[in-house]
Amino acid sequence: MWLVAAMAITVGGALALARDEVNLASARLGEAQAFVIGKGIARLAVLDRARARTAANDEGEADSAALTRVFQTQYELDGFRIVATVYPASGFVSIAEADPDVWQQLLVGVGAMNEGNAASLAQQIVETELEATSAGSGPVGSFQSFSRHRQSRAGVYVEQLLGIEGMNRAIYDRIRPSISPFNVGSGVDAAASPPEMRAAFGGGLEDESMPDSGPESGAAVASGYYCVEIEVSTSPSEGFLQRIWVESRGSDEFSAVRLARVEKPRYKKGGHSG
(Lines give C-alpha, C1' and ligand atoms only; values in the text may rest on other atoms or scores of the structure.)
Protein backbone atom coordinates (compact mmCIF):
# COMPACT_ATOMS: atom_id res chain seq x y z
CA MET A 1 0.00 0.00 0.00
CA TRP A 2 2.80 2.39 0.86
CA LEU A 3 4.53 1.55 -2.44
CA VAL A 4 1.33 2.18 -4.43
CA ALA A 5 0.78 5.48 -2.61
CA ALA A 6 4.37 6.57 -3.30
CA MET A 7 4.03 5.70 -6.99
CA ALA A 8 0.71 7.57 -7.21
CA ILE A 9 2.29 10.68 -5.70
CA THR A 10 5.27 10.45 -8.06
CA VAL A 11 3.09 9.99 -11.15
CA GLY A 12 0.75 12.79 -10.06
CA GLY A 13 3.68 15.15 -9.57
CA ALA A 14 5.12 14.24 -12.97
CA LEU A 15 1.76 14.87 -14.65
CA ALA A 16 1.36 18.23 -12.91
CA LEU A 17 4.86 19.24 -13.98
CA ALA A 18 4.14 18.16 -17.55
CA ARG A 19 0.93 20.23 -17.59
CA ASP A 20 2.82 23.27 -16.34
CA GLU A 21 5.46 22.81 -19.03
CA VAL A 22 2.81 22.48 -21.74
CA ASN A 23 0.99 25.58 -20.51
CA LEU A 24 4.25 27.55 -20.36
CA ALA A 25 5.20 26.44 -23.88
CA SER A 26 1.73 27.38 -25.13
CA ALA A 27 2.01 30.83 -23.53
CA ARG A 28 5.46 31.38 -25.04
CA LEU A 29 4.19 30.32 -28.46
CA GLY A 30 1.23 32.70 -28.19
CA GLU A 31 3.52 35.55 -27.14
CA ALA A 32 5.87 34.89 -30.08
CA GLN A 33 2.95 34.74 -32.51
CA ALA A 34 1.48 37.97 -31.15
CA PHE A 35 4.88 39.70 -31.41
CA VAL A 36 5.36 38.74 -35.06
CA ILE A 37 1.74 39.48 -36.00
CA GLY A 38 1.88 42.84 -34.22
CA LYS A 39 4.68 44.29 -36.32
CA GLY A 40 2.81 43.63 -39.55
CA ILE A 41 -0.55 44.74 -38.17
CA ALA A 42 0.94 48.01 -36.88
CA ARG A 43 2.04 48.98 -40.37
CA LEU A 44 -1.23 47.86 -41.91
CA ALA A 45 -3.36 49.75 -39.38
CA VAL A 46 -1.49 53.04 -39.94
CA LEU A 47 -1.85 52.64 -43.70
CA ASP A 48 -5.55 51.80 -43.38
CA ARG A 49 -6.00 54.89 -41.22
CA ALA A 50 -4.37 57.07 -43.88
CA ARG A 51 -6.47 55.52 -46.64
CA ALA A 52 -9.69 55.88 -44.63
CA ARG A 53 -9.04 59.57 -44.02
CA THR A 54 -8.64 60.23 -47.76
CA ALA A 55 -11.48 57.99 -48.94
CA ALA A 56 -14.92 59.35 -49.89
CA ASN A 57 -18.39 57.84 -49.91
CA ASP A 58 -20.77 57.59 -52.88
CA GLU A 59 -21.66 61.27 -52.47
CA GLY A 60 -18.03 62.32 -52.60
CA GLU A 61 -17.88 63.24 -48.94
CA ALA A 62 -15.34 62.04 -46.38
CA ASP A 63 -16.56 59.43 -43.92
CA SER A 64 -16.88 61.18 -40.54
CA ALA A 65 -16.09 57.92 -38.72
CA ALA A 66 -12.70 57.82 -40.44
CA LEU A 67 -11.85 61.35 -39.33
CA THR A 68 -11.88 60.60 -35.61
CA ARG A 69 -8.61 61.11 -33.78
CA VAL A 70 -8.58 57.51 -32.54
CA PHE A 71 -8.85 55.00 -35.38
CA GLN A 72 -9.85 51.37 -34.73
CA THR A 73 -10.03 48.46 -37.12
CA GLN A 74 -10.27 44.65 -36.95
CA TYR A 75 -8.50 41.85 -38.82
CA GLU A 76 -8.72 38.07 -39.08
CA LEU A 77 -5.47 36.19 -39.64
CA ASP A 78 -4.97 32.41 -39.49
CA GLY A 79 -7.69 31.99 -36.88
CA PHE A 80 -6.56 34.97 -34.79
CA ARG A 81 -8.96 37.84 -34.19
CA ILE A 82 -7.04 41.12 -34.03
CA VAL A 83 -8.19 44.57 -32.97
CA ALA A 84 -5.83 47.46 -33.77
CA THR A 85 -6.31 50.94 -32.34
CA VAL A 86 -4.23 53.84 -33.66
CA TYR A 87 -3.65 56.68 -31.20
CA PRO A 88 -1.85 59.91 -32.17
CA ALA A 89 1.37 60.41 -30.20
CA SER A 90 -0.14 63.62 -28.82
CA GLY A 91 -2.31 61.43 -26.58
CA PHE A 92 0.75 60.36 -24.57
CA VAL A 93 3.50 61.99 -22.55
CA SER A 94 6.55 62.68 -24.72
CA ILE A 95 9.82 61.41 -23.32
CA ALA A 96 11.15 64.92 -23.98
CA GLU A 97 8.35 66.61 -22.00
CA ALA A 98 9.80 69.63 -20.18
CA ASP A 99 6.82 70.46 -17.96
CA PRO A 100 7.14 68.81 -14.51
CA ASP A 101 3.38 69.19 -13.96
CA VAL A 102 2.71 66.82 -16.86
CA TRP A 103 5.12 64.23 -15.46
CA GLN A 104 3.60 64.62 -12.00
CA GLN A 105 0.13 64.00 -13.39
CA LEU A 106 1.37 60.85 -15.14
CA LEU A 107 3.18 59.57 -12.05
CA VAL A 108 0.11 60.09 -9.86
CA GLY A 109 -2.63 59.01 -12.29
CA VAL A 110 -0.86 56.10 -13.98
CA GLY A 111 2.17 55.41 -11.77
CA ALA A 112 0.07 55.32 -8.56
CA MET A 113 2.49 57.58 -6.66
CA ASN A 114 1.50 60.07 -3.98
CA GLU A 115 1.56 63.78 -4.84
CA GLY A 116 4.69 64.65 -2.86
CA ASN A 117 6.93 61.88 -4.22
CA ALA A 118 5.53 62.37 -7.72
CA ALA A 119 6.36 66.10 -7.66
CA SER A 120 9.94 65.38 -6.57
CA LEU A 121 10.47 62.66 -9.19
CA ALA A 122 8.88 64.81 -11.91
CA GLN A 123 11.36 67.56 -11.19
CA GLN A 124 14.24 65.06 -11.33
CA ILE A 125 13.07 63.82 -14.74
CA VAL A 126 12.86 67.33 -16.19
CA GLU A 127 16.27 68.32 -14.84
CA THR A 128 18.01 65.17 -16.13
CA GLU A 129 19.56 65.41 -19.59
CA LEU A 130 18.60 62.29 -21.51
CA GLU A 131 20.78 61.35 -24.48
CA ALA A 132 19.06 61.41 -27.88
CA THR A 133 19.13 58.43 -30.23
CA SER A 134 20.70 58.50 -33.68
CA ALA A 135 17.38 57.92 -35.47
CA GLY A 136 17.20 59.35 -38.96
CA SER A 137 20.89 59.08 -39.73
CA GLY A 138 20.47 56.56 -42.53
CA PRO A 139 21.59 56.91 -46.17
CA VAL A 140 20.57 60.18 -47.83
CA GLY A 141 17.37 59.78 -49.83
CA SER A 142 16.11 56.80 -47.84
CA PHE A 143 13.23 56.81 -45.39
CA GLN A 144 15.79 56.26 -42.62
CA SER A 145 17.36 59.62 -43.44
CA PHE A 146 15.79 62.61 -41.71
CA SER A 147 16.47 66.29 -42.10
CA ARG A 148 18.36 67.98 -39.26
CA HIS A 149 15.05 69.33 -38.01
CA ARG A 150 13.52 65.86 -37.86
CA GLN A 151 16.67 64.35 -36.37
CA SER A 152 16.39 66.91 -33.57
CA ARG A 153 12.94 65.47 -32.87
CA ALA A 154 14.19 61.89 -32.71
CA GLY A 155 13.31 60.28 -29.42
CA VAL A 156 15.48 59.17 -26.55
CA TYR A 157 15.60 55.75 -24.97
CA VAL A 158 12.72 55.51 -22.52
CA GLU A 159 14.78 53.04 -20.47
CA GLN A 160 17.01 55.94 -19.38
CA LEU A 161 14.27 56.88 -16.91
CA LEU A 162 15.39 53.92 -14.78
CA GLY A 163 18.64 55.77 -14.04
CA ILE A 164 16.87 58.76 -12.48
CA GLU A 165 17.00 59.07 -8.70
CA GLY A 166 13.64 58.16 -7.18
CA MET A 167 12.52 55.95 -10.08
CA ASN A 168 12.03 52.26 -9.36
CA ARG A 169 11.10 49.32 -11.55
CA ALA A 170 7.48 49.10 -10.35
CA ILE A 171 6.73 52.74 -11.18
CA TYR A 172 8.60 52.52 -14.46
CA ASP A 173 6.67 49.44 -15.58
CA ARG A 174 3.37 51.19 -14.86
CA ILE A 175 4.14 54.39 -16.78
CA ARG A 176 6.28 53.04 -19.63
CA PRO A 177 3.38 52.13 -21.96
CA SER A 178 2.10 55.71 -21.60
CA ILE A 179 5.34 57.41 -22.64
CA SER A 180 5.91 58.31 -26.28
CA PRO A 181 9.51 57.72 -27.44
CA PHE A 182 9.21 60.69 -29.82
CA ASN A 183 10.70 64.08 -29.02
CA VAL A 184 7.63 65.94 -30.28
CA GLY A 185 4.89 68.06 -28.76
CA SER A 186 4.17 69.00 -25.18
CA GLY A 187 1.28 68.23 -22.89
CA VAL A 188 -1.32 65.50 -23.45
CA ASP A 189 -4.36 65.61 -25.73
CA ALA A 190 -6.69 63.49 -23.58
CA ALA A 191 -9.23 63.18 -26.41
CA ALA A 192 -6.62 61.20 -28.37
CA SER A 193 -5.51 59.05 -25.43
CA PRO A 194 -6.23 55.47 -24.33
CA PRO A 195 -8.54 54.99 -21.30
CA GLU A 196 -5.87 55.04 -18.59
CA MET A 197 -4.45 58.31 -19.91
CA ARG A 198 -7.92 59.88 -20.30
CA ALA A 199 -8.58 59.06 -16.64
CA ALA A 200 -5.28 60.61 -15.54
CA PHE A 201 -5.38 63.71 -17.76
CA GLY A 202 -9.05 64.71 -17.62
CA GLY A 203 -11.44 62.47 -19.49
CA GLY A 204 -13.98 65.30 -19.42
CA LEU A 205 -12.61 66.62 -22.72
CA GLU A 206 -14.42 65.97 -25.98
CA ASP A 207 -14.99 62.32 -26.76
CA GLU A 208 -12.47 60.51 -28.96
CA SER A 209 -15.28 59.42 -31.29
CA MET A 210 -15.97 63.02 -32.30
CA PRO A 211 -14.68 64.08 -35.74
CA ASP A 212 -11.25 65.67 -35.76
CA SER A 213 -11.82 69.42 -36.10
CA GLY A 214 -8.15 70.20 -36.68
CA PRO A 215 -4.85 70.10 -34.87
CA GLU A 216 -4.96 70.62 -31.11
CA SER A 217 -2.25 72.28 -29.01
CA GLY A 218 0.97 70.40 -29.70
CA ALA A 219 -0.73 68.06 -32.20
CA ALA A 220 0.70 69.72 -35.30
CA VAL A 221 4.33 68.96 -34.44
CA ALA A 222 3.31 65.44 -33.38
CA SER A 223 1.60 64.72 -36.69
CA GLY A 224 2.87 61.50 -38.28
CA TYR A 225 3.71 59.83 -34.95
CA TYR A 226 1.41 57.14 -33.60
CA CYS A 227 0.95 54.43 -31.02
CA VAL A 228 -0.75 51.31 -32.36
CA GLU A 229 -2.36 49.20 -29.65
CA ILE A 230 -2.83 45.64 -30.86
CA GLU A 231 -4.98 43.05 -29.13
CA VAL A 232 -4.55 39.51 -30.44
CA SER A 233 -6.99 36.80 -29.31
CA THR A 234 -5.20 33.44 -29.20
CA SER A 235 -8.33 31.76 -27.76
CA PRO A 236 -11.88 32.84 -26.80
CA SER A 237 -10.70 33.58 -23.25
CA GLU A 238 -7.05 34.57 -23.68
CA GLY A 239 -4.95 36.96 -25.70
CA PHE A 240 -2.07 39.42 -25.78
CA LEU A 241 -1.97 43.20 -25.73
CA GLN A 242 0.91 45.07 -27.39
CA ARG A 243 1.82 48.67 -28.18
CA ILE A 244 3.98 49.57 -31.16
CA TRP A 245 5.18 53.12 -31.80
CA VAL A 246 5.15 54.13 -35.43
CA GLU A 247 6.26 57.03 -37.59
CA SER A 248 4.58 57.57 -40.95
CA ARG A 249 4.98 60.17 -43.67
CA GLY A 250 1.22 60.17 -44.09
CA SER A 251 -1.19 59.62 -46.96
CA ASP A 252 1.11 60.95 -49.67
CA GLU A 253 3.39 57.94 -49.37
CA PHE A 254 1.51 55.00 -47.92
CA SER A 255 4.52 52.66 -47.84
CA ALA A 256 6.64 54.94 -45.66
CA VAL A 257 6.04 53.47 -42.21
CA ARG A 258 8.81 53.04 -39.65
CA LEU A 259 8.52 51.09 -36.40
CA ALA A 260 10.19 53.22 -33.75
CA ARG A 261 9.63 50.99 -30.71
CA VAL A 262 8.05 47.55 -30.36
CA GLU A 263 6.73 46.73 -26.89
CA LYS A 264 6.69 43.18 -25.57
CA PRO A 265 3.19 41.61 -25.77
CA ARG A 266 1.46 41.40 -22.38
CA TYR A 267 -0.76 38.47 -21.48
CA LYS A 268 -4.44 39.39 -21.18
CA LYS A 269 -7.03 37.02 -19.79
CA GLY A 270 -10.59 37.35 -20.99
CA GLY A 271 -10.00 37.94 -24.71
CA HIS A 272 -11.08 41.17 -26.35
CA SER A 273 -12.46 43.94 -24.23
CA GLY A 274 -14.70 45.27 -26.96
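Predicted, not measured: the structure shown is a model, and the values here were computed from it.

Right, let's get into the pattern of salt bridges. Applying the stated rule across the entire model yields 9 salt bridges. Here Asp48 makes a salt bridge to Arg51, at a shortest N to O gap of 3.4 Å. Residue Asp48 and its partner Arg51 are located together in helix H1 (residues 2-54), separated by 3 residues, close to a single helical turn. Taking relative accessible area as the criterion, Asp48 reaches 22% and is therefore assigned partly exposed. Between Asp173 and Arg169 there is a salt bridge whose closest N-O contact spans 3.2 Å.

Moving on to the environment of Thr85. Mapping Thr85 onto the fold places it in strand S2 (residues 80-88). Separated by 39 residues in the primary sequence, Thr85 and Val46 place their C-alpha atoms 9.2 Å from one another. If we ignore the near neighbours within four places in the chain, the residues touching Thr85 are Val70, Phe71, Gln72, Cys227, Val228 and Glu229. Here Gln72 takes part through its side chain, which lies 2.9 Å from a polar atom of the side chain of Thr85.

So, about helix H2 (residues 100-109). Within H2, the full set of buried residues consists of Val102, Trp103, Leu106 and Leu107. Take H2 and look down its axis: the buried residues cluster within an arc of 130°, on one side only. Next to the buried residues of H2 lie strand S3 (93-94), helix H3 (115-127), helix H5 (169-175), strand S4 (179-180) and helix H6 (195-200). Capping the start of H2, Asp99 holds a side-chain oxygen 2.9 Å from the backbone nitrogen of Asp101, two or three residues further along.

Another aspect to go through is the packing of aromatic side chains. One pass over the structure, following the stated rule, counts 4 aromatic pairs. Between Phe92 and Trp245 the ring centres are 4.8 Å apart and the planes differ by 75°, which places this aromatic pair in the edge-to-face class. Pair noted here: Phe92 is in the loop between S2 and S3 and Trp245 is in strand S6 (residues 238-248), with a separation of 153 residues, a long-range link. With 5.9 Å between their ring centres and 75° between their planes, Phe240 and Tyr267 make a pair best called edge-to-face. With a gap of 27 residues between them, Phe240 in strand S6 and Tyr267 in strand S8 (residues 266-269) connect regions that are remote in the sequence. Look at Phe240 and you get buried, because its relative accessible area is 5%.

Before going further, it helps to examine unusual backbone geometry. Trans is the common state for peptide bonds, and a negative phi is the common state for residues other than glycine. We note that Ala112 has phi near 60°; this positive angle belongs to a residue other than glycine. With respect to the helices and strands, the residue Ala112 is situated in the loop between H2 and H3. Look at Ala112 and you get exposed, because its relative accessible area is 59%.

One can describe the packing of H2 onto H3 by two numbers: an axis separation of 8 Å at closest approach and a directional angle of 135°. By the angle between their directions, the pair H2 and H3 is classed as oblique. H3 is crossed by H2, and the crossing has right-handed handedness. Facing Pro100, Trp103, Gln104, Leu107 and Val108 of H2, the residues of H3 in contact are Glu115, Ala118, Ala119, Leu121, Ala122, Gln123, Ile125 and Val126. Grouping the constituent residues of the contact of H2 with H3 by class yields 10 nonpolar, 2 polar and 1 charged.

We now examine the pairing of S6. Burial of S6 is extensive: 10 of the 11 residues sit out of reach of the surface. Both strand S5 (residues 225-235) and S6 contribute to a ladder of 10 bridges, which runs antiparallel. The residue bridging Glu229 from the neighbouring strand is Arg243, located in S6. In sequence, S5 turns back onto S6 through a hairpin of 2 residues. Where S6 and S8 come together, 4 bridges link them in antiparallel fashion. Among the inter-strand pairings, Gly239 is bridged to a residue of S8, identified as Lys268. Across 5 bridges, S6 lies against strand S7 (residues 257-262) in antiparallel orientation. Note that in S7 the partner of Trp245 across the bridge is Arg261.

The rules we used
Residues numbered from 1 in each chain as written. Predicted model: local features only at pLDDT ≥ 70, side-chain atom pairs only at ≥ 80, totals over all residues. Heavy atoms only, no water. Salt bridge = Lys/Arg side-chain N within 4 Å of Asp/Glu carboxyl O. Helix = DSSP H or I, 4+ residues; strand = E, 2+ residues; numbered from the N terminus. Buried < 20%, exposed > 50% of the residue type's maximum accessible area, 1.4 Å probe, protein only. Contact = heavy atoms within 4.5 Å. Polar contact = N/O pair within 3.5 Å; in protein donor to acceptor, adjacent residues only side chain to side chain. Arc of directions from axis to C-beta. Phe/Tyr/Trp six-rings, centres within 6.5 Å; stacked < 30°, edge-to-face > 60°. Axes fitted to C-alpha atoms, helices over the stretch in contact; angles between N-to-C directions. Parallel < 35°, antiparallel > 145°, perpendicular 65-115°, else oblique. Left-handed = near helix turned anticlockwise from the far one by under 90°. Nonpolar A, V, L, I, M, F, W, Y, C, P; charged D, E, K, R; others polar. Pairing = 2+ DSSP bridges.

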